[in-house]
Amino acid sequence: MKVKILKKTWCKLAAMVMALTVFLAGCGGQEAKKETKELQPLAIGLMPDTDSLPFIIAREKGYFAEEGLTVDLQQYKSAMDRDSALQSGNLDGAISDMLAVAFAKSGGFDVKVTSFTDGSYKLIASGSEPAKSVKELAGKDVSVSRNTIIEYVTDQILGKEGMDGESVNKVIIPQIPTRLEMLQNGKLSAATLPEPMASIAIHNGCRYITGSDELGINPGVIMFTSEAAEKKAEEIKALYRAYNKAVAYLNNTPREEYMDLVIEKGGFPPAAKEALKLPDYHEAALPKESDVVDCIKWLNDKGLVKDKYSYKDIVLDLFKN
């Protein structure tokens, strides 16, 4: 009798263990399924500047793929075209700047800044222009793109010398390659250019005057639509992990190993291979508050944006989790 009871007890225990094992296996399977959830693709807009290089390297070296992420990198020659693509829903995010962010928000299109970039913007004089300082450019033709980071940096440069935005004759040329060509052909006294176009201009006989690095300003950012920031947060985090791998690669690899790739995929002119000076890239991080506040003040002072956006209104911290 005792043997039968004991046998029944063992049978019940075995059944319970088996049921528990099946249950845990199911939970584990669900957890594994959750962890390996397929990431949604991202579409990112790039400009022909050095800010784009970590993205290009991340794609070409397979860092996006290592994170299980598909990224469609789309090249644009002007900020206007990039912003139109973003607002029409063709892009999730873009390499951009604080001015474009403020304009989008002011126009009712909500976007979020998720990191700064390592862009550099330089005031370059034509090779045939005798002026060797900012003050000597007073009254002369200086090319910018209207109401963009380029004009902002130009005004900051002028302000440092006690000049205002009307001190020079601003020639509006939105497309960066066209601005570079006209400068090199002596049709402009000077132009403000991003890298690598600034280095190419100097390599081809133009002359460096000053730039954002000397001013200690950095209004370049990476931004995403608020919809993408909300619905694709995990994808954006994966993108930044790949971005950081690309930063490490660029900072620790001899340039001759990747310059041909950069020229081909980045849409840079062949002259960039020798002329291009790369910055020391930084891992993804939030922009300085002063870079945000100063840009908004410039826009407010010019009457371009009425709202006085705060740092928290614009910047989204995806690195805290």
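Residues numbered from 1 in each chain as written. Predicted model: local features only at pLDDT ≥ 70, side-chain atom pairs only at ≥ 80, totals over all residues. Heavy atoms only, no water.

Enquirer: It is not clear to me how the overall build of the chain should be interpreted in this structure. Could you clarify?
Expert: Counting secondary structure elements, the chain contains 15 helices and ten strands. Expressed as a percentage of its 321 residues, the buried residues of the chain come to 49%. Considering only contacts within the chain whose residues lie at least 6 apart along the sequence, 78% involve residues at least 24 apart. (Helix = DSSP H or I, 4+ residues; strand = E, 2+ residues; numbered from the N terminus. Buried < 20%, exposed > 50% of the residue type's maximum accessible area, 1.4 Å probe, protein only. Contact = heavy atoms within 4.5 Å.)

Enquirer: Help me out: how do you make sense of helix α12 (residues 259–266) in this one?
Expert: One turn of the α-helix equals 3.6 residues, which is why residues spaced by three or four share an orientation. Taken residue by residue, α12 has Met259, Val262, Ile263 and Gly266 as its buried positions. All buried residues of α12 fall inside an arc of 95° around its axis, so they share one side. Among the structural elements, α2 (53–60), β2 (71–75) and α13 (272–275) are those in contact with the buried residues of α12. Gly267 sits one or two residues past α12 and shows a positive phi near 75°. (Arc of directions from axis to C-beta.)

Enquirer: Looking at this structure, I do not really get the packing of aromatic side chains. What am I missing?
Expert: Centre-to-centre distance and the angle between the planes together describe a pair of aromatic rings. Using the criterion set out here, one finds five aromatic pairs in the structure. Aromatic pair Tyr249 and Tyr258: ring centres 5.9 Å apart, planes at 55°, arrangement tilted. In this structure, Tyr249 and Tyr258 share a single accessibility class: buried. Within the aromatic cluster, the residues linked to one another by ring pairs are Phe55, Tyr240, Tyr243 and Phe319. Its end group placed over the ring of Tyr309, Lys105 keeps NZ or CZ at 5.7 Å from the ring centre. (Phe/Tyr/Trp six-rings, centres within 6.5 Å; stacked < 30°, edge-to-face > 60°. Lys NZ or Arg CZ within 6 Å of the ring centre and 35° of its normal.)

Enquirer: Is there a simple way to think about the pairing of strand β8 (residues 190–194) in this case?
Expert: Across the five residues of β8, five count as buried, placing the element largely inside the fold. Of the two faces of β8, both are covered, the one formed by Ala190, Thr192 and Pro194 as well as the one formed by Ala191 and Leu193. The sheet contact formed by strand β5 (residues 121–125) and β8 spans five bridges and is antiparallel. When the bridges of β8 are listed, Ile124 appears paired with Ala191. By the bridge criterion, two bridges tie strand β6 (residues 141–144) to β8 in an arrangement that is parallel. Bridged to Val142 within β8 is Ala190. (Pairing = 2+ DSSP bridges.)

Enquirer: What exactly am I supposed to notice about the sheet that holds β8 here?
Expert: Sheet strands line up and pair through hydrogen bonds in the backbone, either parallel or antiparallel. Pairing within the open sheet is mixed, and its five strands lie in the order β7-β6-β8-β5-β9. In this open sheet, the two edge strands, each paired with only one partner strand, are β7 (169–172) and β9 (207–211). Taken over all neighbouring pairs, the strand axes of this sheet differ in orientation by 30° on average, direction set aside. Where helix α7 (residues 176–184) meets the sheet, it contacts β5, β6 and β8, and its direction lies at approximately 140° from that of β8. (Axes fitted to C-alpha atoms, helices over the stretch in contact; angles between N-to-C directions.)

Enquirer: Honestly, unusual backbone geometry in this entry has me stumped. Any pointers?
Expert: Excluding glycine, residues mostly have negative phi values, and the peptide bonds linking residues are mostly trans. The peptide bond linking Glu195 to Pro196 adopts the cis configuration, its omega dihedral lying at 10°. Relative to the elements of secondary structure, Pro196 occurs in the loop between β8 and α8 (197–203). Even without being glycine, Asn147 reaches a positive phi, approximately 55°. As for its placement among the helices and strands, Asn147 is situated in the loop between β6 and α6 (149–160). Judged by relative accessible area, which is 25%, Asn147 ranks as partly exposed.

The analysis is restricted to geometry; functional conclusions fall outside its scope.
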